[in-house]
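# Commentary on secondary and tertiary structure
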Amino acid sequence: MSFALARSLTGGRVWSRIPWMAAGGLLAALIAYLAIDIPAHVSRLGGAPDDSAATAAAEPSPSGPAPGTVALSAAKLKAVNLATAAVRTERLPTELGVPGRIEVDADRRVEVRSRAPGIVREVGVTLGRKVRKGDMLAILDSPDVGTARLNLRARQRELLTARIEAEWKNQVADTVAKLVPEIAKGVDPEVLEKEYANKPLGSFRALLLQTYSEFDIAIHEEEKTLALRGKEVIGEHPAILAKHTRQGLQAKLFATIEQVKFDAEQQRRLADQALKLAESAVVDAGHRLRILGVDENIQSLLDHAEEAQKAAKDEDVTAYPIVAPFDGTIIIKSAVPSQSANPIDILFVVADMTDVWVTASIPESDLAKIPTIEGGVVRLTAAAYPDRIFEAKVLSVGAILDPMTRTVPLLARTGNADGQLRPGMFARILFDGPASEPVLTVPHASVVEVEGRQAVFQPVAAASPGEEGSSFVLHPIEAGRELGDRVVIKSGLKEGDVVVARGAFDLKSELILQSQGDED
């Protein structure tokens, strides 16, 4: 019984293994089938695949040049007329630097004040605004300016009166100068009276013409008396009386002519003198306004004195304009409406920012390294523009060493037409030291800027007119200072590398066009 039980258990384990054995057999048969069938399929498709075909299938070939590469046809290459140059090593003086600061040019900085007391009526500018010479900064109400302006208008009216008087006196003197010679010639008084009827003679008309008429009557009376005496119609006494009467009137006429000539010229001189005094009074009044800060055109005041009456009627006499003294920028503004302004108060500060000063303190230990600094040109960089080099002309180097800091002050001026350098910025002034060091350089024309980074173009294939075309790849670099027509290369190239020296800008333009075409 126990034997039968053991047999039955053994038989049960055997039958339990049968499904697993069957699965193993089926797997082995499948592997054998695949080993036989796959080579047949491959042979029917044209052969076995290799690694290059798989790679080609995975990575299809690009349709154009790699990014940053410019391909030129033979025609474009000839038109651009490229030239290449090798990167070479040169020895340059070592660069020394000291910290500095950007400041306003004190010679072009003006504190704008009112020269007369007043109240700020209007302010026309804001802080930081650029102004032109003569631009209105503010308008004040000033009683002193009003009084001076009214005095000016009164002097202009006096000038106008003096001119009218002088013109009349000159016309009378000119007419007298013409009339006297005709009287001396003995022209008929009736003819003279008609000829000078509409010409200015003033009080001299009656004096001259009446005396001349009396003299002419005396002449006729003498002639008539002499004729009657010759016929013995009258005696000798009437003839003598007529003669002496004519002589007396002739003397009176000559005396009158002399006096009239003198009086006419004297009146002319007095009128001209009064006119000059009136003009001087206008000039003085105009300068009084200038002293108060009101810029008046003196010549215009003299030429247009007739406008004084209208100006005095319509003019805002107390308006005191404060104007910009030159082209510049408002760097300080304290004026506000209704503020009391006195000559001691600073209303604005205007500075010309086209040139700025750079100040620095040179350590005592570096003085011997920069013996030729004064009067020369130095380089500087600003913290705000680390990639840009500015040039500055040294104005002065201090003659005395500061015993506290052991430094010597330095002052330089640099152009700032674009307004990038602002007072208060920190800068670093760079000098050439006495020692030298080897540096890599390329032609200045080789360096281009693409997307804010400096780079050069290097030829992929030799560029010559005889080839069908050439390619050039954009290579990033880090450029340093300039040396004449060459640029120092800090990194990105090594000695002997070939770069495009002429035509780099054309390649940059072509690269931009290609990039735009790819985006489209």
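Refer to the preceding data block for the structure.
Predicted, not measured: the structure shown is a model, and the values here were computed from it.

The subject of this paragraph is the layout of surface pockets. Unoccupied space between atoms shows up once a probe the size of one water molecule is rolled over them. In this structure, the largest pocket spans a volume of roughly 960 Å³. Of all the secondary-structure elements, those providing two or more residues to the lining of the largest pocket are strand E3 (88–104), strand E13 (377–382), strand E14 (385–397), strand E16 (426–443), strand E17 (448–450), strand E18 (453–459), strand E20 (478–483) and strand E21 (486–491). Per-element tally for the lining of the largest pocket: the top contributor is E20, with six residues. Among the residues making up the lining of the largest pocket, the classes are represented as 13 nonpolar, five polar and 13 charged. Taken together, 18 residues make up the lining of the second largest pocket; nearest its centre are Arg-113, Arg-115, Gly-293, Val-323 and Pro-325. Elements represented by at least two residues in the lining of the second largest pocket include exactly strand E4 (109–112) and strand E8 (319–323). Ranked by residues supplied to the lining of the second largest pocket, first place goes to E8 with four residues.

Strand order in the open sheet formed by four strands is E4-E11-E9-E6, with antiparallel pairing between adjacent strands. Where the open sheet ends on each side, the last strands, each with one partner, are E4 and strand E6 (130–131). For E4 and strand E11 (residues 348–351), the ladder comprises four bridges, and the chain directions are antiparallel. In the sheet register, Glu-111 faces E11, and the bridge partner there is Val-349.

A separate point is the pairing of strand E15 (residues 407–415). Across nine bridges, the pairing between strand E12 (residues 355–363) and E15 is antiparallel. Its bridge partner lying in E15, Ile-362 is registered against Val-408. Note that E14 and E15 share five bridges and pair antiparallel. Residue pairing for E15: Val-397 is matched across the bridge by Leu-410.

What counts, and where the lines are drawn
- Residues numbered from 1 in each chain as written.
- Predicted model: local features only at pLDDT ≥ 70, side-chain atom pairs only at ≥ 80, totals over all residues.
- Heavy atoms only, no water.
- 1 Å grid on protein atoms, 1.4 Å probe; cavity = no way out; pocket = protein on both sides within 12 Å on 5 of 7 lines; lining within 4 Å.
- Points joined across faces, edges and corners; volume = space filled by probe spheres on them.
- Helix = DSSP H or I, 4+ residues; strand = E, 2+ residues; numbered from the N terminus.
- Nonpolar A, V, L, I, M, F, W, Y, C, P; charged D, E, K, R; others polar.
- Pairing = 2+ DSSP bridges.

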